[in-house]
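Tertiary structure, described
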Amino acid sequence: MSEQSTFHKLRDEIENGIVTGEFEPGDRLDESQLAARFGVSRTPIREALMQLSAIGLVEIRPRRGAVVVDPGPRYVFEMFDVMAELEGMAGAHAARRHTSEDAERLRTAHQRCTDAAMSNDTDSYYYENEIFHQAIYDASHSGFLKEQCVALHRRLRPYRRLQLRVRNRMKVSLEEHGGIVDAILDGNGDLARALLRGHVAVQGDRFSDLVANIEKLKSRTPAETPSTGKSKGGG
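Here the residue numbering is sequential within each chain, running from 1 through the sequence in written order. Given that this is a predicted model, residues contribute local features only at a pLDDT of at least 70 and side-chain atom pairs are listed and counted only at 80 or more, while totals for whole chains, interfaces and linings are drawn from all residues. The side-chain numbers reported here are obtained from all heavy atoms of the structure, hydrogens and water having been left aside.

This paragraph deals with the environment of His98. Looking at the element boundaries, His98 is found in the loop between α4 (72-97) and α5 (100-118). Considered as a pair, His98 and Leu185 are 87 residues apart in the sequence and their alpha carbons are 7.9 Å apart. The residues touching His98, leaving out its near neighbours within four places in the chain, are Ala103, Ala139, Ile184 and Leu185. Nitrogen and oxygen atoms within 3.5 Å of one another constitute a polar contact, given that in protein one can donate a hydrogen and the other can accept it, and given that sequence-neighbouring residues count only through two side-chain atoms. One polar contact links the side chain of His98 to the main-chain carbonyl oxygen of Ala94, over a distance of 2.9 Å. In this structure the side chain of His98 is engaged in a polar contact, spanning 3.4 Å, whose partner is the backbone oxygen of Ile184. Secondary structure follows DSSP: runs of H or I at least 4 residues long count as helices, runs of E at least 2 residues long count as strands, and numbering of each begins at the N terminus. Contact between two residues is taken to exist if any of their heavy atoms lie within 4.5 Å; hydrogens are not considered.

And the structure:
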């Protein structure tokens, strides 16, 4: 496993702990305790906490360090709602503006998602999925839109990763990718916009499934939940 992959796994573990309630709102995430738990130095822990601060899952506070923040389900729903609109816009632009190089990159990204789905590895699929969506942002040829999409995509990262663990979601996601690729390469902006909005939005049952999956993880018994290494209160 590469150093970058190891860091991603470390960051994802802390993210999951926050989203599933292992680390609760207001908890202080102690660098030394987390380093001991994951068997790493404090440097990658500090970098991971800074990245989580950038997406709003922790706050770096004077004299307290990194403190867990819970945006709550309503705020998460609102972020998905805005993300769906941005992705739809990117898809519409990509359908009109993509180059032959963009088309090839999109096909390659879709194939890599297919390979990851065949291995039934949701985390691997998630990272290939990031590349797939990045290819759409690039094909939109709108620098500002890409910047906004990437920023919000990062903020939703832990929720999108957990969403893929909902039964059959990865399979459905891959099927949706196929329609999106076809719409973009056919130059059908309206269809690309509609498909991407539907692909990202978590209306109705999809949002309920996501919340239920998070609550299921939160309700694990102490015997099932690994040691948190967290430190409550100030200091």
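There's more to say after this.
What follows is about the pairing of strand β2 (residues 58-61). Whether two strands pair depends on DSSP finding at least two bridges between them. Sheet topology places β2 next to strand β3 (residues 65-68); four bridges connect them, and they run antiparallel. Across the sheet, residue Arg61 finds its bridge partner in β3, namely Gly65. The turn joining β2 and β3, which pair antiparallel and follow one another in sequence, is formed by three residues; a positive phi near 70° is taken by Arg63.

For Ala92, the location among the structural elements is in helix α4. For each residue, the accessible area found with a 1.4 Å probe, counting protein chains only, is set against the maximum for its type, and the residue is called buried under 20%, exposed over 50%, and partly exposed in between. The class of Ala92 is buried, set by a relative accessible area of 1%. When the C-alpha positions of Ala92 and Ile184 are compared, they lie 7.5 Å apart, and in sequence the two are 92 residues distant. Once residues within four sequence positions are removed from consideration, Ala92 is found in contact with Gly189, Ala192 and Arg193.

pLDDT is defined as a per-residue confidence score from the predictor, taking values between 0 and 100. Scored by pLDDT, the chain has a mean of 85; 84% of the residues are at 70 or more. Averaged pLDDT values for the elements of the chain fall to 60 in helix α11 (residues 204-218) and rise to 97 in α5. Low pLDDT, under 50, characterises residues 221-235; the predicted model gives this stretch 32 contacts beyond four residues in sequence or across chains.

What follows deals with the packing of aromatic side chains. Each aromatic ring pair is described using two quantities: the centre-to-centre distance and the angle formed by the ring planes. A pair of aromatic rings is counted whenever rings of Phe, Tyr or Trp (Trp by its six-membered ring) have centres within 6.5 Å, and the orientation is called stacked for planes under 30 degrees apart, edge-to-face for over 60 and tilted otherwise. Under the definition given, this model contains one aromatic pair. Ring geometry for Tyr126 versus Tyr127: centroids 5.4 Å apart, planes at 75°, classification edge-to-face. On the accessibility criterion, Tyr126 (0% relative accessible area) is buried.

If you walk across this open sheet you meet the three strands as β1-β3-β2, and the pairing is antiparallel. The two strands at the open ends of the sheet, each matched to only one other strand, are β1 (28-29) and β2. Contacting β1, β2 and β3, helix α3 (residues 42-54) crosses the sheet at an angle of about 110° to β2. Working convention: axes come from line fits to C-alpha atoms, limited for helices to the stretch in contact. Angles between N-to-C directions cover 0 to 180 degrees.

The geometry of helix α2 (residues 31-38) relative to α3 is characterised by a closest axis approach of 9 Å and an angle of 115° between their N-to-C directions. In terms of orientation, α2 and α3 fall into the roughly perpendicular class. Every pair of crossing elements has a handedness; the one defined by α2 and α3 is right-handed. Judged by residue contacts, Glu31, Ser32, Leu34, Ala35 and Phe38 of α2 engage Arg42, Ile45, Arg46 and Leu49 from α3. Of the residues belonging to the contact of α2 with α3, the class tally is five nonpolar, one polar and three charged. Each angle receives one of four descriptions, namely roughly parallel if under 35 degrees, roughly antiparallel if over 145, roughly perpendicular if within 65 to 115, and oblique otherwise. What makes a crossing left-handed is the near helix being turned counterclockwise from the far one by less than a right angle; a clockwise turn instead makes it right-handed. Following the grouping adopted for this structure description, the nonpolar residues are Ala, Val, Leu, Ile, Met, Phe, Trp, Tyr, Cys and Pro, the charged ones are Asp, Glu, Lys and Arg, and the polar ones are all others, Gly among them.

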